[in-house]
Structures are given as C-alpha cells and as structure tokens.
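As a plain string of letters, each chain reads:
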Amino acid sequence: MKLTGALAIVEALHKEKITTIFGIPGGVVIPLFDALYGDKKINMVITKHEQGAIHAADGFARSSGKPGVCIVTSGPGATNIVTGLATAYMDSIPVVAITGQVPTAIIGNDAFQEADTTGITRPVTKHNFIVKDPNELTSVLKKAFHIAKTGRPGPVVVDIPKDITTSEFEFDYPEKVSIPGYNPTVHGHTRQIKKVMDAIKEAKRPLIYAGGGIISSDASSELKQFVKTTGTPVTLTLMGLGAYPGTEPEFLGMLGMHGTKTANYAVDRCDLLIAIGARFDDRVTGKLEMFAPHAKFIHIDIDPASIGKNVVIDIPIVGDAKNILKEMNKHAVKLDIKNWQNEVSKWKKEHPLAFMDDELLRPQYIIDQLYKITKGDAIITTEVGQNQMWTAQFYKFDKPRRLITSGGLGTMGYGLPAAIGAQFANPDSTVIDIAGDGSIQMNIQEMATISQCMLPIKIVLLNNGYLGMVRQWQEFFFNKRYSATCLKRTKGCPDICSNPGPQCPQYVPDFVKLAEAYNAVGIRITKKSDVQGALRDAISTDKAVLLDFIINPEENVTPMVPAGAPINKMISSKEDAEAFLLA
Amino acid sequence: MEKEYTLAVIVENKSGVLAHIAGLFSGRGFNISELSVGETENPDYSRITIVVKGDNKIVEQIKKQLNKFIDVIKVTDLSNQPSVHREIILIKIKAPPSKRQEVFQIAEVFKGKIIDISQDTLTLEVTGITEKIEALISILRPYGIQEIARTGRVSISRGMSK
Ligand SMILES: Cc1ncc(C[n+]2csc(CCOP(=O)(O)OP(=O)(O)O)c2C)c(N)n1
Ligand SMILES: [Mg+2]
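Residues numbered from 1 in each chain as written. Chains lettered and ligands numbered in written order. Predicted model: local features only at pLDDT ≥ 70, side-chain atom pairs only at ≥ 80, totals over all residues. Heavy atoms only, no water.

Here we come to the overall build of chain A. In terms of regular secondary structure, chain A is built from 23 helices and 20 strands. Computed over its C-alpha atoms, the radius of gyration of chain A comes to 24 Å, within 12% of the 25 Å expected for a compact globule of 583 residues. Oriented by its inertia axes, the alpha-carbon framework of chain A measures out at about 70 × 70 × 45 Å. Counting every position in chain A, which comprises 583 residues, the buried fraction comes to 58%. When the accessible area of chain A is evaluated, it comes to approximately 23,300 Å², of which 53% is carbon and sulfur surface. (Helix = DSSP H or I, 4+ residues; strand = E, 2+ residues; numbered from the N terminus. Rg over C-alpha atoms; globule rule 2.2 N^0.38 Å. Buried < 20%, exposed > 50% of the residue type's maximum accessible area, 1.4 Å probe, protein only. Areas by Shrake-Rupley, 256 points an atom, 1.4 Å probe, with all protein chains shown as cover.)

All right, on to the state of the cysteines then. All told, the structure shown has 0 disulfides over all chains when counted by the stated rule. A:C497 provides the cysteine sulfur closest to A:C504, a residue in no disulfide bond, and the two sulfurs are 5.7 Å apart. (Disulfide = S-S within 2.5 Å.)

Looking now at the site of ligand 1. All names here are of chain A. Lining the immediate environment of ligand 1, one finds 17 residues, of which Q386, G410, G438, S439 and G468 sit closest. Contact distances for ligand 1 include 2.5 Å between an oxygen atom and a side-chain N or O atom of S439. Between ligand 1 and the protein, one listed contact pairs an oxygen atom with a backbone N or O atom of G468 at 2.7 Å. Out of a free accessible area of 580 Å², ligand 1 has 76% covered by protein chains. Elements with a contribution of two residues or more to the shell around ligand 1: α17 (386-394) and α20 (468-477). Ranked by residue count, the leading element in the shell around ligand 1 is α20, at 3 residues. (Near = heavy atom within 4 Å. Polar contact = N/O pair within 3.5 Å; in protein donor to acceptor, adjacent residues only side chain to side chain.)

Residue and element names in this part refer to chain A. Along its sequence, chain A is carved into domain 1 (2-170), domain 2 (190-350) and domain 3 (363-465 + 507-550). Relative to domain 2, the C-alpha centre of domain 1 lies at a distance of 37 Å. Taken as a group, M90, D91 and R152 account for 66% of the area that domain 1 buries against domain 2, more than any other trio of residues on that side. Connecting domain 1 to domain 2 are 1 salt bridge. (Domains from an automatic or database assignment. Buried area = accessible area lost by both parts, 1.4 Å probe. Salt bridge = Lys/Arg side-chain N within 4 Å of Asp/Glu carboxyl O.)

When two helices pack together, their arrangement is given by the angle between the helix axes and by the axis-to-axis distance. Residue and element names in this part refer to chain A. Where helix α3 (residues 50-64) meets helix α5 (residues 82-90), the axes come as close as 8 Å, and the angle between the chain directions of the two elements is 20 degrees. On the basis of their axis angle, the class for α3 and α5 is roughly parallel. Between α3 and α5 lies a crossing whose hand is right-handed. Note on element contacts: α5 touches α3 through T83, G84, L85, T87 and A88, opposite Q51, I54, H55, D58 and R62. Across the contact of α3 with α5, the residue classes break down as 3 nonpolar, 5 polar and 2 charged. (Axes fitted to C-alpha atoms, helices over the stretch in contact; angles between N-to-C directions. Parallel < 35°, antiparallel > 145°, perpendicular 65-115°, else oblique. Left-handed = near helix turned anticlockwise from the far one by under 90°. Contact = heavy atoms within 4.5 Å. Nonpolar A, V, L, I, M, F, W, Y, C, P; charged D, E, K, R; others polar.)

What follows is about the nonpolar core. Residue and element names in this part refer to chain A. Of all hydrophobic cores here, the largest spans 94 residues; its most connected members are I200, L273, I276, F291, M328 and F549. It is helix α16 (residues 363-373) that provides the largest number of residues to this core, a total of 6 residues. Built from parts of two domains, this core gets at least three residues from each of domain 2 (190-350) and domain 3 (363-465 + 507-550). Setting aside anything within four residues of it in sequence, one finds I200 in contact with F226, L272, I274, I298, M328 and L335. In terms of nonpolar packing, the next biggest core, distinct from the first, is built from 44 residues, A57, F60, C70 and I440 among them. (Core = buried A, V, L, I, M, F, W, Y, C linked by side-chain atoms within 4.5 Å.)

With that settled, the discussion passes to a nonpolar patch on the surface. All names here are of chain B. Nonpolar side chains collect at one region of the surface, where L18, L35 and V37 lie side by side and expose about 220 Å² of accessible area between them. Along the chain, L35 falls in strand β2 (residues 32-39). Judged by relative accessible area, L35 falls into the partly exposed class, the value being 34%. (Patch = residues over 30% accessible without salt bridge, like charges linked within 9 Å, V, L, I, M, F, W, Y side chains within 5 Å.)

Attention shifts here to the interface of chain A and chain B. Taken together, the contacts link 17 residues of chain A with 17 residues of chain B. For the pair chain A and chain B, the number of links is 1 salt bridge. The salt bridge involving A:D303 is made with B:K68; its shortest N-O contact spans 2.7 Å. The interface formed by chain A and chain B includes 5 residue pairs in polar contact (both at pLDDT 80 or more). Residues of the side of chain A that touches chain B, tallied by class, amount to 7 nonpolar, 4 polar and 6 charged.

Moving on to the pattern of salt bridges. Residues and elements named next belong to chain A. Under the definition given, this model contains 37 salt bridges over all chains. Among the salt bridges present, the one from K194 reaches D198, with a minimum N-O distance of 2.9 Å. In this pair, K194 and D198 are both assigned in helix α9 (residues 190-202), 4 residues apart and thus about one turn of the helix distant. The closest approach of N and O atoms between E289 and K287, which form a salt bridge, is 3.7 Å. E289 sits in the exposed class, given a relative accessible area of 60%. For K287, a relative accessible area of 33% puts it in the partly exposed group.

A few words on the coordination of the magnesium ion (ligand 2). All names here are of chain A. Protein coordination of the magnesium ion (ligand 2) is provided by D437 (OD), N464 (OD1) and Y466 (O), with donor distances spanning 2.0 to 2.1 Å. Read from N- to C-terminus, the donor residues coordinating the magnesium ion (ligand 2) fall into the pattern D-x26-N-x1-Y. For Y466, a relative accessible area of 4% gives the class buried. (Donors = N, O, S within 2.8 Å, 3.2 Å for Na, K, Ca; no water.)

Glancing now at unusual backbone geometry. All names here are of chain A. In this structure, the amide linkage connecting V508 to the following residue, P509, adopts the cis form with an omega of 0 degrees. The residue P509 is located in the loop between α20 and α21 (511-517) in this model. The linkage connecting T558 with the following residue, P559, adopts the cis geometry, with an omega of -5 degrees. Looking at the secondary structure, you find P559 in the loop between β20 (545-550) and α23 (574-582). Phi at F280 takes a positive value of approximately 55 degrees, unusual for a residue other than glycine. If you trace the backbone, F280 turns up in the loop between β12 (272-276) and α13 (282-285).

Quick look at the sheet that holds strand β18 (residues 458-463) of chain A now. Paired through their backbone hydrogen bonds, the strands of a sheet run either parallel or antiparallel. Residue and element names in this part refer to chain A. The strand order across the open sheet formed by 6 strands is β16-β15-β17-β18-β20-β19, and the pairing between neighbours is parallel. Looking along the sheet, the strands with just one partner apiece sit at the ends: β16 (403-404) and β19 (521-525). As judged from the 5 bridges shared by β19 and β20, these two strands associate in the parallel manner. Directly across from R524, in β20, lies its bridge partner D548. Of the strands in this sheet, β17 (431-436), β18, β19 and β20 are in contact with helix α22 (residues 531-540), which crosses β20 at around 165 degrees. (Pairing = 2+ DSSP bridges.)

With that out of the way, let us pick up the packing of aromatic side chains. Residues and elements named next belong to chain A. As enumerated under the stated definition, the model contains 18 aromatic pairs over all chains in all. On the basis of an interplanar angle of 90 degrees and a centroid distance of 6.0 Å, the ring pair of F280 and F291 is categorised as edge-to-face. Of this pair, F280 sits in the loop between β12 and α13 while F291 sits in the loop between α13 and β13 (296-301), placing them 11 residues apart in sequence. This pair shows no difference in class: F280 is buried, exactly as F291 is. Relative to F297, the ring of F291 has its centre 6.4 Å away and its plane inclined at 45 degrees; by these criteria the two rings are tilted. (Phe/Tyr/Trp six-rings, centres within 6.5 Å; stacked < 30°, edge-to-face > 60°.)

The structure is reproduced here in structure tokens:
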C-alpha cells in the first residue's frame, strides 16, 4: 500500500495502539495534522502550550503504563517541549514526541522555525532520531516506541522533516525491531539472586527501599508477596509511592528529605538495605557517607549505570524488578526479625506524621480529608513544592500509578497538564491536581483544554501566597529573608517583609474568577469547617472545579532533613534549623 | 587513584553520534584527554578511541553510561588487556639550512619522515606511543616549534581476542 509519510505516521500510531495524542500544529506539521483530521481511532487533544502537551502525554503514560505521545511543530514547538522531555527523562517515563522539522533540503540554513531539535534534546531523551529518508520512517517509529517502553523507559524524540511527510512510499510496519546497541538485561543473574536471598536470611535488620522502578515494571504484587512472606519493613521514594500499599503495617512511609522519622531512622539502623528500582538520589540519601552506615547494600535495577553510581553496592543485580522479585519469592521464607519489627513499629507509634489540629486552615488537614473523602481511590497529580510534599505525606497511596508527580526534575507547572493526560487515560477515575499557587500559574492556560474537553478534573489549590517551599528554606536557613518568594507582593510593599497579614495586597490573580473565565467552577475556602463540604461537592460533580484554599501562609513541611545532612538529623522548625546551623 | 584509561568505543556510523558522546563527557563532568574517530572494518560502524583520566569509579560510570547509549555497539576498556597504541604527530619546526642535517638525524632515530621542507622550516611525521611523541617534542623544542598536529592515540587489543 502506497502512503504519504503523514498517513504512514498515522498508520504506525494505529499499529502501536495509540488512542490519544496531545499537541499543537504549525507550518511543517500541517500535512501530519491533516492526516489525523477526523481519524476515528485517535483522539487528538490540542493543548494551549506545547509544554502542556508533553506533560499531558507524560501524565497519560504514568497513569496507564502505556506510552504517551505528543506532536509539535519545528523550532519553538520543539523547544517548548524540552522541559517536559527532561521531566519524563528524569523519572523514566515512556513518551514519544514527534517533532516537525524544516524540509531536508534546507536543514542547517537557519530556515524559518528551524531549530536543531535532535541536538537540543539529546541530553534529555533516552534516544532521538531524525528521519532523513522516507524509507526509514516506519522502522524509526517502531524503534522509537520500542526504546521508549522497554528497559529503563524514557522519552524518545522523532524529528520528521516536512518533505518526509509529503513524499509517498510503500507502507510496511515492521513486526520486529533489531537495534544492535540496545539489548536491556531483564532477567536477573541466578547466582546473584541466590546471594541476595542468603544475605536476606542472614540479616537481623533488613529494610526494603523501593522506587519508581517497581511501578514501571508492574512489580507491586510481587513486592507485596515478598514483604508479606518475609516480614521485611518497606520504605518508598516519592516516585515509588503506591508501589507498596501505604496503609499496610510494613510500610514506614517515604524516606529522605521530607520522609518520615520512622523511615529515616530505619535506614540509619538497618543492617541490610535492599534497594529495588531506586537510584540513591541526593534528596533520598542526604549526606551520602552517612547513608545507612551499618548496612550491606543490595541494588536491583534495570539500568546498570544506576548501580554503583552513588554508593558502593555489595550485591548488584541488573534486571527487571518483576522478574527478579518473582525469582526471589520462590525462595522467600518468613524471617526471624521480631526485634527489628518491634523497634520499627515503636518508631511508627512514637513519630507519626502529624499536624496542628487547630482552627487554622492547614494544608495537611485538607489532604487528609481529601484522602478520606476519595477513600484513597483518586489519581492525584501534584505541582512542585510544599503542595507536593504534603501530598506525599498525607495522602495514602495503596496502589501504583495513583500519584503522578515530577520527582527527579521537580517541574513546577507539571500537575495540571499531567492531570489532563491522566484523565484521558482513566476516563472513569477521579483525577485531582493538588496544586501550589505558584506552580499552577506556569501552565494555567491548560484550564482551557480541560474546559473544552469537558474533563471533570478537580484542582485543590493550596494557596499560601508564597513560593512556599523556597520560603520555607528562607525561613529555616536565611533568617526569614523572603527574597522573591511572596506572590502577593506589589509595587507598594516595603522592600523587606517577612510578616504576611491583613495589611497584604489582594492576591493576583483571583483564582475563582479565573476558573469562571475558563468555564470551570471556582470556590474559595477560608475556613477549616468548610473543607469537607467543599471537597465533597467538588468530587461529586462532573464539572471541572478549582478549590482555592487560602491556607496558613507560613505552614512548613516537616520533618525536614537539611540539604547535605545525614537523614537521621531531621528538623521541624526554625529553631531546630538554627541549632543545626550552629552545630 | 587517578589513572589513564583507553576506551575503544564502537558506534553507529552516523551523524550526531560523536556529538552525543562528547555531550556525555561535558554533561557529566568527565574529561576527555584524547579522542580519535574513524571507520571500522564494517562501514556501518565507527571506532572512537577515548583516553580519559580518572579513578576507577568514574571510569566504570563512564563505561556504563556509554553502554547505555543506543548508538553505542560496544565499549572495550583496553587498559585492562594487552593492547597496542599508536599516535601520529606532524610537527613543524624552524630549521634554516644550517640546522637541517641535525634534524634529519633526529628524524631517523625516531623512524620519522620529513614530509615538507621550506626555506626555514621542516615538517616531520612520526608515529609511536605517547612517550615517544613526547620525547620527540622535547628534543625538537630548542629549534623552535611552529606548529603541532597530533591525532590522539588509536588503540587495538593484541592477538585474536575481539
Ligand atoms: C520550573 C521551576 N522553577 C522553579 C522551581 C524552584 N521551586 C521549587 S518549589 C518552588 C515554589 C513553588 O511554589 P508553589 O507552587 O506555590 O508551591 P508551594 O511550595 O507554595 O506549595 C520553586 C519556585 C521549580 N521547581 N521549577
Ligand atoms: Mg504556594
């Protein structure tokens, strides 16, 4: 069958079973959008900004496990997705971005809307391609999806010059791919697995530290079986939340900078740390030399380059977490670690995550109520900052793919477009963006996409009037000098101000009016007693709703491990921080 | 401990691959001290010889990151196995007719060739291991070095092993 390149791309997308694509057209991709026009199998979602498109594709992928796809034009369209590619790259999310390119004959001539897309995106993609020969088009697309989904997943860019989309050739979609330089190891080495099981049986204080790798390899049930059989306590990274049920007794909470005391104490005390699909990120480890100082390290990961990158590993296993856990489960037995289990439960009882239950409108209370009202069953996206950490702490995730958050890159403006992707992938689920007032403005234009697509997305805006997380660092470590973090500040404000109060100017924008302008419901909540009702009403309507919660402006995320400190040194206040700085 | 490592990297012979590899080094803060590229026995592949200085941990990480690239077919650490290394230098020095005889002798000792001659310069071509090249440079320095072009080393393992 002879097809134009544009139709061949659409056909290839059908073969890959792609049903939703996010994007924005432009000069060089008009033929491609023309080929997509009226396509019965593909829902083409037009966002308002390409960053929205790529985050939506990413949210689609995270919430479904299937690759997310976006299509953008050359030049500015392509450069606008760079942040989204880096976001997906850092968190190993399968996204395929098709970028238009100027015709092959004029590449390199500084043509209108030309940018060196493969050059620009190389460091933030798992791989990228430029198609210069129409006969390579379909095999490149096949490879792109294969590379994005397999091994350690990641974003792949396919840059397609305009003339490739208009030339005609014989369509043939390859069944198989062969890429000589790409052959991820999926099966763990049997001898290594045996070593791991021996080490686990010998350990007195074993601890599992698992991350997003469990989710991308769909290994949650295998992990659960392993934990239930052996009785090993579990801590999870931000990316791993939901990989093990947050309400099970073996779960100690998240570890790291804003982790629970229990999790961080357990890391500090354990004699065997079993890392699975996690990468010893600095937000997790704190001061590296003091991380799990008494432990032998096991590291199970699909990416050999992750192993031994930050810490020396005693027993490495390269492979897919699901396969390896299955093997481990064959040899797992109940461990004799009663003392350790008791020690850990004691910490859990002594140091629960807590917040002041007073009359102030506190974000932790809102999230706790949201958890109860949704019965933990919603898909939650977050922005970045305090809102994200409070979500990680107070919403209990029992299932994987329920928390959709930018962990590695920490991209403000991620949550709203990611919610769009998640809602498309899960039309029957309740999708909620827990937002910060700073972050949400970075992609607020996607409210229009939500409205036009009639998506019932809820936005729980934790409006503290600050770039809160940065303000918290300033409060703790910069003597409360709130430089550049107040979002209410206007020209009339004093130069130096660290006392938010009734004298402050009106917040701009008015989020309620803004929601209304976008055809969504906007409600402002200023009192604790109104929280439950507002959440219930929002959840029960099928309209898009923005709940503007005016929260205690100087609320902090605690506990906190100061950057570079050992993770058992957690602080909870400015006073603690001062003591820490003096020490 | 800082050491010199020679890596032979077989990659897909296509545009952008070298930039990608160079980008890895700059992006992750690794330093390349020598680099050379050329086609292999299979025209689909090129061979990049990279010399890096670093400790074992850094070099292990470099090897793993290189292996992760889809366009990288194979990474061989030649520092771990018997191998042969060569580099070519073209060196142009000041040599008025009165000095030529001396320089011809030096060239002979270094098994080099005179490849260009002008009124008051001579250009030598010498092949060898780095130490030999360095020795040549220091011997010729007193004459006045005008210009140096070095290829960076190319390396290959000894014998049948592949
Ligand atoms: C794109 C981007 N720019 C800057 C930052 C640095 N940053 C991290 S958290 C934060 C504040 C976020 O403010 P807000 O969205 O209101 O969240 P809050 O912490 O107040 O909940 C900033 C500026 C970032 N993570 N991403
Ligand atoms: Mg804020």
